[in-house]
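The chain contents come next:
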Amino acid sequence: MSILYVVSDRPGAGKTAVCMALTKLLRAQSKSVVAIKPVADDADDSDAEMYADLLGVDTTGWPVAVAEDVRAGNLDEVSALINSLSAENDIVIVEGSTGLAGTLGRIVCDNVDAKVLVVAGYDASLSHGVVLTTGAPYGGRVIGYIINGVTQYMGTEARANLVPPIAAQASMRGARVLGLIPEDRCLLGVSVSQIMAHLDGELISEEMEEDALVEYLMVGGLSLDPGEYYYGIHDNRAAIVRGDRPDLQMSALSAPGLTACLVATGGIAPIEYVQYEAEQEETPIILVQTDTLDTMARLDNLLESSSFSHPDKLKRSVALLDEHVDVEGLLHAL
């Protein structure tokens, strides 16, 4: 019976994705694994709901508390909950709250004899000092580091200049760098229903799936290329098109790959023929009252604020973890 406590250098570094993907991978190896986030980051933290929806985890009894309200009694309750799960499972994966870092997190780890995994979110300013400082409060309990979200053109830089000093210091304490996970467009996506809610849109399709994952937002009418070629550049796209442009709407529907939804702007519903073709392709149509420019302005930061709550994201995270992280080395250390 092993307990893995997962911490990160900052919010949004990818702890939840790593915890869930690791749970799926280990379950596929016929291990009894449960994941838990016993302390919520804030009152709006919905991670417990995600664990229940995506992993089928029983979230009864947690979160125990919100990070800013944690007291000694809460830590005892957290420790007791983790130990009870450990008695029933091969491995317990504990997602540490960002607000329960440092000393308080160390107390929990000492109480349950947990090993610690550090997940650091990559950006150009990330230094080895920040990564090592994140793990420092846990001392010899740290067994490994994962650098997550390494951008496409910075992989060589990260391997040459970021990883070696981390590896050198980590090896002195029996830990190692377990992998670098590349940034992936799928994990930045949002669902069709999230787009509709964000735009205060109206679904005018009948009985269609709303929750396909959108990875690219593509505006109709901004390219001199043929419509089918333009839209076919990206899969899993949302086409944002004026409601009175059936030519562009049909191009989006007939282009290679998946048009996850059409967003008809200007408060103009597409003509019946377009609606019929969209129904045949099972492509939802969202009607919004704003014009195309205003609609795109409203969508500008939506992808950046996306959450992990989609089964396609979990599936992709499992593949990324399996390919880029030494999971067997992690298991050996546990």
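Residues numbered from 1 in each chain as written. Predicted model: local features only at pLDDT ≥ 70, side-chain atom pairs only at ≥ 80, totals over all residues. Heavy atoms only, no water.

Peer 1: Is there a simple way to explain the packing of aromatic side chains in this structure?
Peer 2: Two aromatic rings are characterised by how far apart their centres lie and by the angle between their planes. Tallied over the entire structure, the rule returns three aromatic pairs. With a centroid separation of 6.2 Å and 45° between ring planes, the pair formed by tyrosine 5 and tyrosine 138 is classed as tilted. One end of the pair, tyrosine 5, is in strand β1 (residues 2–8); the other, tyrosine 138, is in the loop between α5 (128–135) and β7 (142–150), with 133 residues separating them in the sequence. Across the pair, tyrosine 138 and tyrosine 5 agree in class, each one buried. (Phe/Tyr/Trp six-rings, centres within 6.5 Å; stacked < 30°, edge-to-face > 60°. Helix = DSSP H or I, 4+ residues; strand = E, 2+ residues; numbered from the N terminus. Buried < 20%, exposed > 50% of the residue type's maximum accessible area, 1.4 Å probe, protein only.)

Peer 1: Explain helix α11 (residues 292–299) here, please?
Peer 2: For an α-helix, the turn length of 3.6 residues means that residues three or four places apart are oriented alike. Residues Thr292, Thr295 and Leu299 constitute the buried set of α11. When α11 is viewed along its axis, its buried side chains cluster within an angular range of 60° and face the same direction. Projecting away from the buried face of α11 at angles above 90 degrees are the exposed residues Leu293 and Ala297. On its buried face, α11 is in contact with α7 (192–198), β12 (216–219), β13 (237–242) and β14 (259–265). Where α11 begins, one side-chain oxygen reaches toward the backbone nitrogen of leucine 293, 3.3 Å away; that side chain belongs to aspartate 291. (Arc of directions from axis to C-beta. Contact = heavy atoms within 4.5 Å. Polar contact = N/O pair within 3.5 Å; in protein donor to acceptor, adjacent residues only side chain to side chain.)

Peer 1: How do you make sense of the pattern of salt bridges when you look at a structure like this?
Peer 2: Side-chain pairs of opposite charge can arise whenever the charged atoms involved come near each other. As enumerated under the stated definition, the model contains 13 salt bridges in all. Aspartate 9 serves as the salt-bridge partner of arginine 10, at 3.7 Å between the closest nitrogen and oxygen. Looking at arginine 10, the relative accessible area reads 28%, which means it is partly exposed. With a closest N to O distance of 2.7 Å, lysine 37 and aspartate 41 form a salt bridge. When its relative accessible area of 2% is taken as the criterion, lysine 37 is described as buried. (Salt bridge = Lys/Arg side-chain N within 4 Å of Asp/Glu carboxyl O.)

Peer 1: I'm lost on the nonpolar core in this one. Help?
Peer 2: As a rule of thumb, soluble globular proteins bury nonpolar side chains together. Tyr5, Ile93, Tyr145 and Ile147 are the most contacted members of the largest nonpolar core, which has 78 residues in total. The element best represented in this core is helix α1 (residues 15–28), accounting for eight residues. Beyond its immediate stretch of four places on either side in the chain, tyrosine 145 contacts Leu117, Val118, Val131, Leu132, Ile166, Ala170, Ala175, Arg176, Val177, Leu178 and Gly179. (Core = buried A, V, L, I, M, F, W, Y, C linked by side-chain atoms within 4.5 Å.)

Peer 1: Help me understand the sheet that holds strand β6 (residues 115–121) in this model?
Peer 2: Sheets are built from strands paired through backbone hydrogen bonds, the pairs being either parallel or antiparallel. Spatially, six strands are ordered β2-β5-β1-β6-β7-β8 in an open sheet, and the strand pairing comes out parallel. This sheet does not close on itself; its edge strands, each paired only once, are β2 (33–36) and β8 (176–182). Averaged over all pairs of adjacent strands, the angle between strand axes in this sheet comes to 20°, irrespective of strand direction. (Pairing = 2+ DSSP bridges. Axes fitted to C-alpha atoms, helices over the stretch in contact; angles between N-to-C directions.)

Peer 1: Hey, could you run me through the pairing of strand β5 (residues 91–95) in this one?
Peer 2: Consecutive side chains along a regular strand alternate between the two faces of the sheet. Within β5, five of the five residues are buried, which leaves the element mostly enclosed by the surrounding structure. Going residue by residue along β5, you find Ile91, Ile93 and Glu95 tucked away on one face and Val92 and Val94 tucked away on the opposite face as well. By the bridge criterion, five bridges tie β1 to β5 in an arrangement that is parallel. Among the inter-strand pairings, valine 6 is bridged to a residue of β5, identified as glutamate 95.

Peer 1: Which parts of the structure should I look at to understand unusual backbone geometry?
Peer 2: Negative phi values dominate among residues other than glycine, just as trans dominates among peptide bonds. Cis geometry is found at the peptide bond from tryptophan 62 to proline 63, where omega equals 5°. As for its position among the elements, proline 63 is in the loop between α2 (47–55) and β4 (65–66). Its identity is not glycine, yet serine 30 carries a phi of approximately 65°, on the positive side. Relative to the assigned elements, serine 30 resides in the loop between α1 and β2. Of note, glutamate 282 is a non-glycine position whose phi angle comes to about 55°, a positive value.

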